[in-house]
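The lines below spell out each chain.
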Amino acid sequence: MLLLALFSTYFLSIEAVANESFPALLAFGDSMVDTGNNNYLLTLMKGNYWPYGWNFDKKIPTGRFGNGRVFSDIVAEGLGIKRIVPAYRKLYIAPSDLKTGVSFASGGAGVDPVTSEMLRVLSPAAQVKDFKGYIRKLKGIVGKKKAKEIVANSVILVSEGNNDIGITYAIHDAGMRLMTPNIYTSKLVGWNKKFIKDLYDQGARKFAVMGVIPLGCLPMSRLIFGRFFVWCNFLANTISEDYNKKLKSGIKSWRGESDFRGARFVYVDMYNSLMDVINNHRKYGFTHEKNGCCCMLTAIVPCSNPDKYVFYDFAHPSEKAYKTIAKKLVEDIKIGLA
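Model, not experiment: these values are computed from the prediction. (Residues numbered from 1 in each chain as written. Predicted model: local features only at pLDDT ≥ 70, side-chain atom pairs only at ≥ 80, totals over all residues. Heavy atoms only, no water.)

Caption draft 1: Layout of the overall build of the protein chain. For the protein chain, the helix and strand inventory stands at 13 helices and four strands. Counting every position in the protein chain, which comprises 338 residues, the buried fraction comes to 52%. When contacts within the protein chain are restricted to residue pairs at least 6 apart in sequence, those whose partners lie at least 24 apart make up 70%. Accessible surface computed for the protein chain: about 15800 Å², of which carbon and sulfur atoms make up 61%. (Helix = DSSP H or I, 4+ residues; strand = E, 2+ residues; numbered from the N terminus. Buried < 20%, exposed > 50% of the residue type's maximum accessible area, 1.4 Å probe, protein only. Contact = heavy atoms within 4.5 Å. Areas by Shrake-Rupley, 256 points an atom, 1.4 Å probe, with all protein chains shown as cover.)

Caption draft 2: Representation of a nonpolar patch on the surface within the structure. There is a patch of nonpolar side chains on the surface, built from Tyr 40, Leu 91 and Tyr 92 and spanning about 400 Å² of accessible area. Looking at the secondary structure, you find Tyr 92 in the loop between helix H2 (71-78) and helix H3 (95-100). By relative accessible area, Tyr 92 is classed as exposed at 58%. (Patch = residues over 30% accessible without salt bridge, like charges linked within 9 Å, V, L, I, M, F, W, Y side chains within 5 Å. Salt bridge = Lys/Arg side-chain N within 4 Å of Asp/Glu carboxyl O.)

Caption draft 3: Fine view of a positive patch on the surface. A surface patch of positive charge is lined by Lys 129, Lys 132, Arg 136, Lys 137, Lys 139, Lys 144 and Lys 148. Only helix H5 (124-142) and helix H6 (144-153) provide two or more residues apiece to the positive patch. The greatest single-element share of the positive patch, amounting to five residues, is contributed by H5. Of note, Lys 144 is situated in helix H6. (Lys, Arg positive; Asp, Glu negative; His and termini not counted. Charge placed at Lys NZ, Arg CZ, Asp CG, Glu CD.)

Caption draft 4: Looking closely at the side chain of Asn 192. Tracing the backbone shows Asn 192 in helix H9 (residues 181-200). A residue is classified by how much of its surface remains accessible, and Asn 192, at 0% relative accessible area, is buried. When residues no more than four places from it in sequence are discounted, the contact partners of Asn 192 are Val 111, Val 158, Glu 160, Val 209, Tyr 243 and Leu 247.

Caption draft 5: The arrangement of the environment of Trp 54 in detail. With respect to the helices and strands, the residue Trp 54 is situated in the loop between strand S1 (25-29) and H2. For Trp 54, a relative accessible area of 25% corresponds to the partly exposed category. A C-alpha to C-alpha distance of 8.1 Å links Trp 54 and Pro 302, two positions 248 residues apart in sequence. Beyond its immediate sequence surroundings of up to four residues, Trp 54 is in contact with Lys 59, Asn 67, Pro 302 and Tyr 312.

Caption draft 6: A look at the nonpolar core. Formed by 84 residues in total, the largest nonpolar core has its most connected members in Leu 25, Phe 71, Phe 131, Tyr 134, Leu 199 and Phe 207. Ranked by the residues each element gives to this core, the list is headed by helix H13 (residues 319-337), at eight residues. The residues contacting Leu 25, other than those within four sequence positions of it, are Ser 72, Val 75, Ala 76, Leu 79, Ile 81, Val 85, Thr 100, Gly 101, Val 102, Val 155 and Leu 157. Core analysis: the second largest hydrophobic core is formed by seven residues, Tyr 52, Phe 65, Cys 293 and Cys 294 among them. (Core = buried A, V, L, I, M, F, W, Y, C linked by side-chain atoms within 4.5 Å.)

Caption draft 7: Summary view of the sheet that holds strand S4 (residues 264-268). In space, the four strands of this open sheet follow the order S1-S2-S3-S4, with parallel pairing throughout. Looking at strand neighbours, the two that pair on one side only are S1 and S4, the edges of this open sheet. For this sheet, the mean angle separating the axes of adjacent strands, direction not counted, is 20 degrees. Where S1 meets strand S2 (residues 155-159), five bridges bridge the pair, whose relative direction is parallel. Along S2, the bridge assignment pairs Phe 28 with Val 158. Along the sheet, H2 contacts S1, S2, strand S3 (206-210) and S4; its crossing angle with S1, the most-contacted strand, is approximately 155 degrees. (Pairing = 2+ DSSP bridges. Axes fitted to C-alpha atoms, helices over the stretch in contact; angles between N-to-C directions.)

Caption draft 8: Examining the pairing of S1 more closely. Counting buried positions along S1 yields five of five residues, so the element is predominantly enclosed. Alternating positions in S1 separate into two faces, Leu 25, Ala 27 and Gly 29 on one and Leu 26 and Phe 28 on the other, with burial throughout.

Shown next as structure tokens:
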């Protein structure tokens, strides 16, 4: 019994140290990390109906765009913070959840001003406004000094660019604005930097900035551009890689800028992590990498086993896919922001 008590004390102390390093996770951006904020918006971009949530607790669709938990939930768990990250716009959030983090993200959002407006979702400015409201609530719970400490040491998980490239640039009006892919990806990095600076100005200091996923290999992209052969869209992947390369380079340069004094940054490589799973899907226990568990034609009825699919719907990874790529990415975050 004494030995058991000693082991219990040891592991509890390790968990306490982990939580002290990162007291909370605060997520911003798009559907990769949105846990239900769009439920409270007048938009078609919603995930609060079946078959979303098929494998979530009690099979309840919460607004997450997937069969279960999304990347923000998985990362929070991996960091030893908590298993579920609530949406900030949820009608009631327990004080304990406010202290350990929420998601401000909005499915369909982007840093291009056109993206969020077109899809009627929360823009970066709206998410920053919610962040300010969160800080006021946090101060009311733990006091001004402790609130500042929590925000400064929280992991700020940011996912932007997916909808800008995949929807606004590829489908909507890039041609009308006469932007080459090179010009557009450079502007995206600039917009992302401004968004992160706005978060920094509110006291955020530890940023885990996600690159975009392989947009050309989404089931939707394969269906539209790959046709019978279901190939990946080479151009969409090339643009995705170009953006990620510039974002990663930008993050390195931001570390030395006076505008970000005291900030830490880590690049979260979503593209290569997910591409590895796609290319080696059987190695990771998947049998379907090209089509989603819920395809457009049978969206109401999901497949029998989502864990066999890399993607759950036409654009979003399954919970198992998120868990698979998160194993290494969470370690990268721990090392990069320690």
